[in-house]
Each structure stands twice: as structure tokens, then as C-alpha cells.
Amino acid sequence: MTKDACKQIVLDIIADIAPDEDLSNIKPDVRLRDQMQLDSMDFLDIVMELRKQHGVEVPEADYIHLATLDSCAEYLTPKFIALGK
Amino acid sequence: MNTSSHYDVAIIGAGMAGLAAGIRLAHFGKRVCIFERHNAPGGLNSFYAIDGRKYDVGLHAMTNWVPPGVKGSPLGKLLRQLRVDREEFALHPQKRSRIAFGPNGETSLAFTNDFAVLESEVARVFPAQIDGFRALVRIVRTYDDVSLDARPESAREIVRRHITDTLLEDMLFCPVMYYGSATEHDMEFGQFVIMFKALFLEGFARPVDGVRVILRVLLEKYRQAGGERRMRCGVKRIVVREGRAAALVLDDGSEVAATHVLSTIGAAETEKLYSVDRAVPNALPHPVGRLSYCETITVLDRQPAALGWADDTIVFFNDSPRFTYAQTPGLADARSGVICLPNNFDFPLGQSLPEGLFRCTCLANHDAWASLAEPEYRAAKERVYGEIQRSALRFMPGLPASDALARATIATDMFTPKTIVRYTGHFGGAIYGSPKKIRDGRTPLANLYLAGTDQGFLGIVGAMLSGISMANFHVLAAKA
């Protein structure tokens, strides 16, 4: 699992839960919330889809790491690797 | 027969809230079963057929409509949470609605899904009130209506700070109350804000085939996600052990157990299921709503446009000096009401309802209807049907001839508070439930939660969001 592949996984999940958002120009270092309309319900869904689709667990205290695509990749890539992905 | 099975979540009621909650839970891998006493899904927004003709039960119009691309709206949240594509609901916006007050509707405010229309109407009819109206709208727009712990405030009081003409005040409250208020005379301001946004700042829409389209989408999502459902199989008792809902006794006598139980049938109705086992001394039962409704449905052999009724989608009316939203001592209160012409949505060319429909809803008294024996009940229905229709006609454009409506009528139907109790199980025929809402859905039982009408989100979109948010809050996001 590379960081780029990890970012793509997160983008795919967002595309799935928020199909009405344009994801073509998402800046990796800017907060996702500032680039599209994502509320707390949507963030909960990102976390739950990570668990459902990939078996990756994100405890509530760590939600802060999902703020930007870059921080998602930093935080999630080791978790994917630990799962042998 | 005493088969036993265990679910992660058991949901009582296959209405909008139950189905929406079920979709969320099943999608995230929970083993879910919905138990529904009726043979059709939908609850308060169900459907039926008589003589091969299809009728919707509750739906006049779906509120909360926003154009594609508008983000952060309740409809948008709902579509995302249920992974429903906007096109699947196939919603078509209303043409135009009106609020008509006075003995013959002399004062009229038109509104559409474009809020500027209502604003200009208020400026035209109530020029001295327009600044106050705009100030009120600013407060509504910025109010945090999803807060679960807002301090309750009187909507009448807040509105009166900005609007000093009681006619305009009543004209704004009439639609907002008729489309969702469980309390008489006044509303909690947060509820007012939710309804004001849903009706005026957002708008009305409907699929050509009505509520069935919405239900078909929900049922299909639920099935695909792996949810189970048992129809004609209500829950008759909740077995309580150690402060928890330990098991559900079904109508057929069998028992099921579930880690979580989500009840969408109402607060007092749910309480009754477990209070058999749990006699709480001196505890007051949850209050039952006092507001019920009659609706007359007139099926026409032509489109309403052929009677000169081409423009109105919904008409909210009142003939008296003040608008009274309260339980009537008589069978029905035809002084005010709501007219719906389901044909008058902006349907695509070539798509329309096969027949004309003219529906009128008025406040009604459940106990008055329930006390009538069968022959009197039938006679009363016929009499009140006439009263409601005559009252409503005063607010519609004049017919081409006085008998034009009678000649165009090919079938009629009517529901009363008694009908509502019979098919939905809601005590008192109170379709908006109890005046006491439980926003966090908690009950005295640790693993039993409420969703739907008595949780307090309103309308069809509100009911679905209620199911979604309670499923999220109590089950999906709950700490293990």
C-alpha cells in the first residue's frame, strides 16, 4: 500500500457517500471540510466504510487525522500495511 | 410455536423512519429485522387500493425539496446517508401553492419553491410588515434546528416580535402547523423553524406515482443491504429484564431477542408494549396527541385544469377572524384546512396522473368519531364529507357550473381519525404524534430507542432522517 493508493481509497469512499461532490480538484493539503460539504454524519460514514470495505478501524479519538487527504494517508497507510495490504 | 431468533437490531414499524434506519444498519453489516403489523409498508405514509384505483394515505407533497446541487439540505443528507441517487426518487416540483384566509379567501399569499415569490407576496399584501418578515426569515435561516438540547421557546412569541399583524401571523402558522405540529395553538420555535424551512425556504415535490415510488426505493435498498422484514407481524409485547428490552413477543406468539430495539410506533404506543411488565408506580404515561384529521378524497374523470383549477398545488385555508389549531369539540372543524391537487405538480411532458384528484384535510376529534356506532359512523362520514368539501370550495377558483364538480366525480373516499388508528396504530389518530417529543430517542429501557414521529423530526424527509440519526447515534456510533 502506497500513500497515493491510500488517498485513492479515501476518495473512492467519498465519491460513494457524496456522489454530488466534484472530487476532480481536491487539494491534498487542504481540509476536506473546506473543499466540499461534508458534515459529521459524512465523516462517520467515511470511518464506517473504511471498516466495512477494508477492515480498518479508526477510533473516535483519531478522527482528527482524517482532516485532509495527506493526513488520511499518513494515518491510514500504516494501518493498511499492518493488515497485509 | 415458540421459535427463537436473535438480531443485532429489531425495528418496530416499516414506515419511513423504520425503513431508513434499517437501510443504514443493514448496510453496515448489522443483522436487522423490521416487524410490521400492517400488510403494506409506509406507516403514516402508506398506500391502498379500492376498486383497482390506487390511493396514497398521507402524502400531499414531499416537503424539503431543493434543486439539484444545493448542499447541506435535509434532502441532500438523506440521499447521502441512504446512498440513494436523486433520480431514483423522481421528484417533480410543485406549480404554486397559496395561503387563503377570509370567508371566501379574500386575502391570499402565493408561494412556490422559489422563496422570492412568498417574499414579494408579503410585501404586496402586507407592506407594513415586510421588514419584520425579513427579520424573522433571517432568524429562521440562522437558527440551529438540529441541536438536540435547545431551550424550548414559544414560536408565537418570537414571531410576534417581528410581525404585528395577526392576520399575517396566522397565515404563516397555518401551513406550518397543518404540515407537522402535534401541539395546539403554538409550537416550539425549533419545530417552527424546521417546518418553515421545509415548506417555504425549500419546497414541495412529488413523484408522479406518489409515495409508492419512495417506498419502492427504500424497500429495494433495504433488501439489497441484506435486511429482513416480517409483514403482518406486529410486536404485541416487550419483555423487560434488568431494565432492558430482553425479548419481543410477536403477534403470532413467537419471541425474538435483539441487542438493540428501535421503535417507530410512537412514544405512548411503545410504552404500552413494555409497561405490562414494568408497573412504575406514580409514573405519568407519555401524553397522547390531541390533534387528528379527516381527509376527503374526490376522484375526477378529468384533470383539475379542466375545472379551472390548473394552477394550485396546495391551498391552506381559514375562514375565521383568527386561525384555530386545536382539538375541535365536534367531529371535524371545517373552518380551516388544506386542499391538495396532486395533479398540479410540474410533471414531465407525457407523464401525469391518470385521473384528477381533489383532496381536503381538516382537523377532527378522535373520540367523537370513535364513540359512534357503525351506522352513525357511516352517516357522519357522509355528512362531514359534504361539509369539508363545501368549505374548501370557497377557496378555489369558481367552477364553470355549480354542478361541475359533482358531474366530474367518479369515486370518493374519506379517512377519519378512526381509520388512522385502525391502519397505523397511532393512539388518538394523532398523525403527528405526541406534543412531547424525545429528541435523543431514549426510553427508560437501556437498549430501546424511539425514532419517527415522537422523536420530533417532521414530514417524510424528517421521518427518514429521524430513523437515520437514531440508528447512527444509538447503534452505529455507539461505543462498544
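Residues numbered from 1 in each chain as written. Chains lettered and ligands numbered in written order. Predicted model: local features only at pLDDT ≥ 70, side-chain atom pairs only at ≥ 80, totals over all residues.

A. Representation of the overall build of chain B in the model. Helix and strand counts for chain B come out as 15 helices and 18 strands. Seen through its C-alpha atoms, chain B measures out along the principal axes to roughly 65 × 50 × 50 Å. Within chain B, the fraction of its 480 residues that count as buried is 50%. Across chain B, every contact between residues at least 6 apart in sequence was considered, and the portion connecting residues at least 24 apart equals 75%. (Helix = DSSP H or I, 4+ residues; strand = E, 2+ residues; numbered from the N terminus. Buried ≥ 20, exposed ≤ 12 C-beta atoms within 10 Å, placed from the backbone. Contact = placed C-beta atoms within 7 Å.)

B. Here's a closer look at the interface of chain B and chain A. The interface is formed by eleven residues belonging to chain B together with nine residues belonging to chain A. Among the elements of the structure, helix 2 (74-82) and helix 15 (459-476) of chain B are those that each provide at least two residues to the side of chain B that touches chain A. For the side of chain B that touches chain A, the leading source of residues is helix 2 of chain B, giving four residues. Looking at side-chain class alone, the side of chain B that touches chain A contains three nonpolar, five polar and three charged residues. (Nonpolar A, V, L, I, M, F, W, Y, C, P; charged D, E, K, R; others polar.)

C. Geometry of the nonpolar core. Residue and element names in this part refer to chain B. Core analysis: the largest hydrophobic core is formed by 160 residues, its most contacted members being Ala10, Ala20, Ala21, Ile339 and Met464. Top contributing element to this core by residue count: helix 15, with ten residues. The residues that make up this core include at least three from each of domain 1 (4-59 + 210-288 + 432-476) and domain 2 (93-207 + 290-423). (Core = buried A, V, L, I, M, F, W, Y, C linked by C-beta atoms within 7 Å. Domains from an automatic or database assignment.)

D. Geometry of unusual backbone geometry. All names here are of chain B. A positive phi is found at Asn64, a non-glycine position, where the angle reads about 70°. Among the secondary structure elements, Asn64 is positioned in the loop between strand 4 (53-56) and helix 2. Residues other than glycine seldom take positive phi values, yet Ala90 does so here, at roughly 45°. Relative to the helices and strands, Ala90 is located in the loop between helix 3 (86-89) and strand 5 (92-93). Assessed through the 17 C-beta atoms surrounding it within 10 Å, Ala90 is described here as partly exposed.

E. Main features of the domain arrangement of chain B. All names here are of chain B. As assigned here, chain B comprises domain 1 (4-59 + 210-288 + 432-476) and domain 2 (93-207 + 290-423). Distance between the C-alpha centres of domain 1 and domain 2: 28 Å. On the domain 2 side, the residues contacting the 16 residues of domain 1 number 19 residues. Looking at the side of domain 1 that touches domain 2, the elements that each hand over two or more residues are strand 4 and helix 9 (211-224). The residue makeup of the side of domain 1 that touches domain 2, split by class, is seven nonpolar, five polar and four charged.

F. Spatial organisation of the packing of helix 2 of chain B against helix 15 of chain B. All names here are of chain B. For the pair helix 2 and helix 15, interaxial distance at closest approach is 10 Å and the crossing angle is 45°. The pairing of helix 2 with helix 15 is recorded here as oblique in orientation. Viewed along their axes, helix 2 and helix 15 form a crossing whose handedness is left-handed. On helix 15, the residues touching Pro74, Leu75, Lys77, Leu78 and Gln81 of helix 2 are Val461, Met464, Leu465 and Ile468. Looking at the contact of helix 2 with helix 15 residue by residue, the classes come out as seven nonpolar, one polar and one charged. (Axes fitted to C-alpha atoms, helices over the stretch in contact; angles between N-to-C directions. Parallel < 35°, antiparallel > 145°, perpendicular 65-115°, else oblique. Left-handed = near helix turned anticlockwise from the far one by under 90°.)

G. The arrangement of the pairing of strand 6 (residues 97-101) of chain B in detail. All names here are of chain B. Burial of strand 6 is extensive: five of the five residues sit out of reach of the surface. Burial along strand 6 is two-sided: the face carrying Ser97, Ile99 and Phe101 and the face carrying Arg98 and Ala100 are both buried. When strand 6 meets strand 7 (residues 107-111), the two strands line up antiparallel, connected through five bridges. What sits directly across from Ser97, in strand 7, is Phe111. Hairpin geometry of strand 6 and strand 7 is characterised by an intervening segment of five residues between the two adjacent antiparallel strands and by a positive phi of about 110° at Gly102. Relative to strand 14 (residues 314-318), strand 6 runs parallel, the two sharing four bridges. Each residue of the ladder has a partner; that of Phe101, found in strand 14, is Asn318. (Pairing = 2+ DSSP bridges.)

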